[in-house]
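A closer look at the structure
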Amino acid sequence: MDISDKPPYSGVMSDKYLLGNYTRLPLTVSAGEGCYLIGDDGRRYLDMITGIGVNAFGYCHPRLTSVLLEQSRECVHTSNLVSHRHQRALAERLCGMSGLDRAFFSNSGTEAMEAALKAVRARSKPEKSRIVSLRGSFHGRTMGSLALTGQPELRQNFVFPGAEITFVEPNDRAALQAAIREDTSAVVLEPVLGEGGIYPLKTEYLQLARQLTRATDAYLIADEVQCGLGRTGRYFAYQWAEILPDIVVTAKPLAAGLPLGATLFTEDAAQWLPPHSHGSTFGGGPLACRVAIEFLKMIAEELPGIGERAGQFLARLETLRLRHPVITEIRSKGLMFGIQLSVPGAPIVAAALARGLLVNCTQGTVLRMLPPYIVSEREMDEAVRVLDDVFCAPAQ
Ligand SMILES: Cc1ncc(COP(=O)(O)O)c(C=O)c1O
């Protein structure tokens, strides 16, 4: 293998050395600016999926970039053998926003979920080992998170030994009531199912989940990796139902593109992960935490605007639905949109990309949009205009 700095080692644009686990769009990007991604050829693409919910303030927001640069000059990494003020300050802020008591930091959503599962496992007696999860849910790609993921095609061949998981239909209160029993140690749910196709859980359903988990001494775990941190117009989506989970899992936009996950615990849940029971080399490093603090300050300022922009976008999408019978439903909560189609979504995504718009397809027939919190009315118009064109003439 040629490992010199000269071609063919450098400058060869090939996927030959990458694991073939992704099906990528035919787009290679070199930069981003605001709500736009910039292709290698200099073409600008309106990004309505924001790195799958990560770039909540778009690309290269000056406030976030300046904090990132400043902190990178002070200190990027320390292990958790020592403390630093940014991790403490971030934990305090997250606890204040969520109503929970303690935070553990990792590097991704799936790791944040693993920490939650370990606390549940540590607490559960053998006769209380069942976990209730939702059909269509997504909780990550590591073995524990995958065991809970309510999409059999993702779970197949990856069985997590010892996990007894019952999957129930989202928003079916009777099914939830039947599933949560004395042997249940936890109920795990996304208050808005994201990968599953944007299905918001109803307030009464979330409240019932809280009530039943209390009655059976089970933990309620809210997976807010996709729907949390301002995306629905509240800090966390469970707050719409005025409930408090025992454990909250969050990640994606938390450090504005740097890898950071957080698991938030009540004092009671936190006791199950004492010293040496869990950890992370990179989790909660100074750079990620410092940027995350700035990001959380920005959401606090932006929260009312998110609701307003969500309403403006939804109104436009509803107009689009009326023009195109192929759209059978628009589901949304805040700035999470699922455009349900009666046809496969992949060709629509490809046609939109060819016209300079990046959206995503989930579950085969759902166009998903997670626009940045800073999306302007002009950008909403542009996105809807492109989709309108595509639905008029997809093959162009
Ligand atoms: C709700 C939810 N939970 C967990 C995850 C896993 O997060 P990560 O890919 O950061 O491991 C995702 C990722 O899409 C998600 O949407």
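Residues numbered from 1 in each chain as written. Predicted model: local features only at pLDDT ≥ 70, side-chain atom pairs only at ≥ 80, totals over all residues.

Here the focus is the overall build of the protein chain. A count of helices and strands for the protein chain gives 12 helices and 17 strands. What you see for the protein chain is a C-alpha radius of gyration of 21 Å, in line with the 21 Å of a compact globule of 396 residues. In terms of overall dimensions, the protein chain has C-alpha extents of about 60 × 55 × 45 Å along its principal axes. A burial count over the protein chain gives 45% of its 396 residues as buried. Intrachain contacts of the protein chain at a sequence separation of at least 6 include 72% that bridge at least 24 residues. (Helix = DSSP H or I, 4+ residues; strand = E, 2+ residues; numbered from the N terminus. Rg over C-alpha atoms; globule rule 2.2 N^0.38 Å. Buried ≥ 20, exposed ≤ 12 C-beta atoms within 10 Å, placed from the backbone. Contact = placed C-beta atoms within 7 Å.)

Another point: the domain arrangement of the protein chain. Here the protein chain is partitioned into domain 1 (29-61 + 302-392) and domain 2 (63-298). The C-alpha centroid of domain 2 is placed 26 Å from the C-alpha centroid of domain 1. In this assembly, 26 residues from domain 1 lie in contact with 23 residues from domain 2. At 5 residues, helix H10 (residues 286-323) tops the list of elements feeding residues into the side of domain 1 that touches domain 2. The class makeup of the residues in the side of domain 1 that touches domain 2 is 12 nonpolar, 10 polar and 4 charged. (Domains from an automatic or database assignment. Nonpolar A, V, L, I, M, F, W, Y, C, P; charged D, E, K, R; others polar.)

Right, let's talk about the environment of Gln-207 for a bit. As for its position among the elements, Gln-207 is in helix H8 (residues 203-215). The spatial distance from the C-alpha of Gln-207 to the C-alpha of Glu-329 is 26 Å, given a sequence separation of 122 residues. Setting aside residues up to four positions removed in sequence, Gln-207 forms contacts with Ala-241 and Ile-243.

Formed by 111 residues in total, the largest nonpolar core has its most connected members in Val-187, Ile-221, Ile-247, Val-291 and Ala-292. Considering each element in turn, this core owes the most residues, 12 residues, to H10. Viewed by domain, this core spans two of them, domain 1 (29-61 + 302-392) and domain 2 (63-298), each represented by three or more residues. Setting aside residues no more than four positions away along its own chain, Val-187 makes contact with Val-132, Ile-180, Ala-209, Thr-213, Ala-218, Leu-220 and Ile-221. (Core = buried A, V, L, I, M, F, W, Y, C linked by C-beta atoms within 7 Å.)

A separate point is H8. Its 13 residues place the ends of H8 18 Å apart at the C-alpha level, agreeing with the 18 Å of an ideal helix rising 1.5 Å per residue. Those residues of H8 not exposed but buried are Leu-206, Ala-209, Arg-210, Leu-212 and Thr-213. In the core, the buried residues of H8 are packed alongside helix H7 (173-179), strand E7 (184-189) and strand E10 (219-223). Looking at the residues trailing H8, positive phi occurs at Asp-217, about 60 degrees. (Expected span 1.5 Å × (residues − 1).)

Ser-108, Gly-109, Thr-110, Val-225 and Gln-226 are the nearest of the 15 residues found near the ligand. No other element matches the 3 residues that helix H4 (residues 109-123) contributes to the shell around the ligand. Broken down by class, the residue content of the shell around the ligand amounts to 5 nonpolar, 7 polar and 3 charged. (Near = placed C-beta within 6 Å.)

Taking 1.5 Å as the rise per residue, helix H12 (residues 377-392) with 16 residues should run 22 Å; its terminal C-alpha atoms sit 22 Å apart, in good agreement. Next to the buried residues of H12 lie strand E3 (44-47), H10, helix H11 (346-354) and strand E15 (357-358).

Interaxial distance between H10 and H12 falls to 10 Å at its minimum, and their mutual angle equals 15 degrees. Our classification of the angle between H10 and H12 gives roughly parallel. With respect to the hand of their crossing, H10 and H12 are arranged in right-handed fashion. Contacts between H10 and H12 pair Gln-312, Phe-313, Arg-316, Leu-317, Leu-320 and Arg-323 from the former with Glu-377, Met-380, Val-384, Leu-387 and Asp-388 from the latter. Residues belonging to the contact of H10 with H12 are distributed by class as follows: 6 nonpolar, 1 polar and 4 charged. (Axes fitted to C-alpha atoms, helices over the stretch in contact; angles between N-to-C directions. Parallel < 35°, antiparallel > 145°, perpendicular 65-115°, else oblique. Left-handed = near helix turned anticlockwise from the far one by under 90°.)

We now examine the pairing of strand E13 (residues 327-333). Here E13 runs beside strand E14 (residues 336-341); their pairing, made up of 6 bridges, is antiparallel. Across the sheet, the residue bridging to Ser-332 is Phe-337, located in E14. Counting the residues between successive antiparallel strands, the hairpin from E13 to E14 contains 2 residues, one of them, Gly-334, with a positive phi of roughly 55 degrees. (Pairing = 2+ DSSP bridges.)

This paragraph deals with the packing of helix H2 (residues 62-74) against H10. Running from N to C, H2 and H10 point in directions that differ by 155 degrees, and their axes come no closer than 9 Å. As judged from the angle between their axes, H2 and H10 are roughly antiparallel. The handedness of the crossing between H2 and H10 comes out as right-handed. Within the contact between the two elements, H2 uses Arg-63, Leu-64, Val-67, Leu-68, Gln-71 and Ser-72 and H10 uses Pro-286, Leu-287, Arg-290, Val-291, Glu-294, Phe-295 and Met-298. Residues of the contact of H2 with H10, tallied by class, amount to 8 nonpolar, 2 polar and 3 charged.

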